[in-house]
Amino acid sequence: MNLLMDALGWLAEPTHWVGAASIPVRLLQHLGLTFGVVALAALIALPLGIMIGHTGRFRFLIVATSGAARAIPTLGVLTLAGLWFGIGLAAPVLALLVLAIPPMLTATYTGIDSADPRAVDAARAIGLKEWQIIRFVELPAARTLILGGLRSTTLQVLATATLAAYTADAGLGRYLYIGLKTRDYGQMIAGAILVVALALVLDGLWVLVSRAASRRAGDGEVSPPVGGGGTASPPVGGGGTASPPVGGGGTASSAAEARSEAAEPTLRPDTTHASVPGAGPSSLSPNADHEPAPTSGSVPTGVTHATNATARPA
């Protein structure tokens, strides 16, 4: 408890917030070293991971190498690099690169490899090039894992960058190094508190970035153009994905309307069973055209002959 109070008292000292070795200056140095190493690691790990995940080549070699690199102690690499490069930032940058590349590389090629093979085959079937398959199919599927790899790499580098104080006068690690050397444990704990607070802030920022990327992925993306001409229409209402144009230049809706108009039958009136006014049920028979129905005032021929035969005397 006394050490914690000493650390809070050291942080509350106004002289520690001004000057060339003040807390704001050390914070900026620590952030610059962290983001610089993460950027260099991304330039190496992201293209290599995309290539391995897309082609499947050298996968087992990279997996074994990245696993072995994770087991290498960063302090040992820093010591060897310090003996080779001497005092300065070269040794900690090299040691932090060895720490940062493996998790980012693993996350990248795992995300690219997680894309649906049926979607990749369908993209090749419609004529997309390899870079288009990576851009429109594999990278959207790998977005979450790549961001997770960047997040974990940033936090690991931020926490380990305190070792840079052993070979360079930079970063928040100087408070830990000087406090340990002078037995000022309040200063050591204050430096540790600053590192933890900075890590929490960066982790919160990465959470916001991940959520924004997830919302963007949920809103849908514009599909690549299919066919000879035309461009993909933007998504309607911000929800679904835009459908590619059909054929050379027309839209899918106009083509569908043309097909429906061509397939629509012509309606003609059916007069086969049309009823005749004043006609009886016999007018609906097939022989109605040859044998007209008798009117109300006429008598059938057979009935007339029968009547005459009855009235004739024997």
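Predicted model, so just to flag it, every value in this text is computed and none were measured.

Among the nonpolar cores identified, the biggest contains 25 residues, and Leu33, Val37, Leu96, Met104, Leu150 and Val157 are the most heavily contacted of them. Broken down by secondary-structure element, the contributors of at least two residues to this core are helix H2 (23–55), helix H5 (90–113), helix H7 (130–160) and helix H9 (185–219). Tallying contributions element by element places H5 first for this core, with eight residues. The contacts of Val157, once residues within four sequence positions are left out, are Thr34, Val37, Val38, Leu96, Leu99 and Ala100.

With that settled, the discussion passes to a nonpolar patch on the surface. A contiguous nonpolar patch, built from Leu3, Leu75, Tyr166, Leu180 and Tyr185 and spanning about 500 Å² of accessible area, is present on the exposed surface. Along the chain, Leu180 falls in helix H8 (residues 173–182). On the accessibility criterion, Leu180 (49% relative accessible area) is partly exposed.

Attention now moves to the packing of aromatic side chains. Enumeration according to the criterion identifies two aromatic pairs in this entry. For the pair Tyr166 and Tyr177, a centre-to-centre distance of 5.2 Å together with 75° between the ring planes defines the contact as edge-to-face. Within this pair, whereas Tyr166 is found in the loop between H7 and H8, its partner Tyr177 is found in helix H8, the two being separated by eleven residues in sequence. Accessibility expressed as a relative area gives 27% for Tyr177, which makes it partly exposed.

A pair of packed helices is characterised by two quantities: the angle between their axes and the separation of those axes. One can describe the packing of helix H3 (residues 59–71) onto H5 by two numbers: an axis separation of 9 Å at closest approach and a directional angle of 145°. Classified by chirality, the crossing of H5 by H3 is left-handed. Contact residues: Arg59, Ile62, Val63, Ser66, Ala69 and Arg70 in H3; Val98, Pro102, Pro103, Leu105, Thr106, Tyr109 and Asp113 in H5. Partitioning the contact of H3 with H5 into residue classes produces eight nonpolar, two polar and three charged.

Over its twelve residues, helix H4 (residues 74–85) runs 16 Å from end to end, which matches the ideal 16 Å to within 8%, given 1.5 Å per residue. Thr74, Val77, Leu78, Ala81 and Gly82 are the residues of H4 that are buried. Summarising the axial view, the buried residues of H4 lie within an arc of 135°, below the 170-degree limit, and thus occupy one face. Those residues of H4 that are exposed and aimed more than 90 degrees away from the buried face are Leu80, Leu83 and Trp84.

Scanning the model with the defined rule gives six salt bridges in all. The partner of Arg26 in a salt bridge is Asp169, and the shortest N-O contact between them spans 3.1 Å. Of this pair, Arg26 sits in helix H2 while Asp169 sits in the loop between H7 and H8; the two residues are 143 residues apart in sequence, bridging distant segments of the chain. You can call Arg26 buried: its relative accessible area is 6%. Between Asp113 and Arg59 there is a salt bridge whose closest N-O contact spans 3.1 Å. Of the two residues, Asp113 sits in helix H5 while Arg59 sits in helix H3, which places them 54 residues apart along the sequence. Judged by its relative accessible area of 40%, Asp113 falls in the partly exposed class. Taken together, the shared-partner salt bridges in this structure form one network comprising Arg26, Asp169 and Arg174.

Now for the environment of Leu8. By secondary structure assignment, the location of Leu8 is in helix H1 (residues 2–12). A C-alpha to C-alpha distance of 6.8 Å links Leu8 and Ala190, two positions 182 residues apart in sequence.

Here the focus is the side chain of Thr108. Checked against the element boundaries, Thr108 lands in helix H5. If near-sequence neighbours (up to four positions away) are discounted, Thr108 is found in contact with Ala45, Leu46, Gly49, Ile50 and Ile146.

Let us look at unusual backbone geometry. Unusually for a residue other than glycine, Phe58 sits at a positive phi of about 60°. Summarising the element assignment, Phe58 is placed in the loop between H2 and H3. On the basis of relative accessibility, which here comes to 54%, the residue Phe58 falls in the exposed class. One non-glycine residue, Arg183, lies in positive phi territory at about 60°.

We now examine the confidence of the model for the protein chain. Averaged over all residues, the pLDDT of the protein chain is 76; the fraction at 70 or higher stands at 68%. Mean pLDDT in the protein chain bottoms out at helix H11 (residues 301–311), which sits at 42, and peaks at H2, which reaches 93. In this model, residues 227–256 is a region of pLDDT below 50 whose contacts with residues beyond four sequence positions or in other chains number 41 contacts. Scored below 50 in pLDDT, residues 262–314 shows five contacts in the model against residues more than four places distant or in partner chains.

Right, let's get into the environment of Ala168. With respect to the element layout, Ala168 can be found in the loop between H7 and H8. Overall, Ala168 belongs to the buried group, its relative accessible area being 9%. Apart from residues lying up to four places away in sequence, Ala168 is in contact with Gly88, Leu89 and Arg174.

Definitions and cut-offs
- Numbering of residues begins from 1 in every chain and follows the order in which that chain's sequence is written.
- At least 70 in pLDDT is required for a residue's local features to be given in this predicted model, at least 80 for side-chain atom pairs to be given and counted, and no such filter applies to totals for whole chains, interfaces and linings, which use all residues.
- Derived side-chain values reflect all non-hydrogen atoms in the structure, with water molecules and hydrogen atoms excluded from consideration.
- Residues enter a nonpolar core if they are buried and are Ala, Val, Leu, Ile, Met, Phe, Trp, Tyr or Cys, with the set joined through side-chain atoms within 4.5 Å.
- Exposure classes here rest on a 1.4 Å probe applied to the protein chains alone. A residue is buried below 20% of its type maximum, exposed above 50%, and partly exposed in between.
- Secondary structure follows DSSP: runs of H or I at least 4 residues long count as helices, runs of E at least 2 residues long count as strands, and numbering of each begins at the N terminus.
- We call two residues in contact whenever any of their non-hydrogen atoms come within 4.5 Å of each other.
- A patch consists of residues exposed above 30% relative accessible area that lack any salt bridge, with like charges linked at up to 9 Å and nonpolar side chains (Val, Leu, Ile, Met, Phe, Trp, Tyr) linked at up to 5 Å.
- All accessible areas in this document rest on Shrake-Rupley with a 1.4 Å probe, and a residue is counted as covered only by the protein chains that are shown.
- Salt bridge, as applied in this entry: a Lys or Arg side-chain nitrogen positioned within 4 Å of an Asp or Glu carboxyl oxygen.
- To pair, rings of Phe, Tyr and Trp, with the six-membered ring standing in for Trp, must have centres within 6.5 Å; the planes then decide the type, stacked if under 30 degrees apart, edge-to-face if over 60, and tilted in the middle.
- All axes here are fitted lines through C-alpha atoms, helices being fitted over the stretch that makes contact, and every angle between N-to-C directions spans 0 to 180 degrees.
- A crossing counts as left-handed when the near helix is turned anticlockwise from the far one by less than a right angle, and as right-handed when that turn is clockwise.
- We call Asp, Glu, Lys and Arg charged. Ala, Val, Leu, Ile, Met, Phe, Trp, Tyr, Cys and Pro are nonpolar, and the rest, Gly among them, are polar.
- The length a helix should cover is 1.5 Å for every residue beyond the first.
- The arc refers to the directions leading from the helix axis to the C-beta atoms.
- Confidence scores here are pLDDT values: one per residue, from the predictor, ranging 0 to 100.

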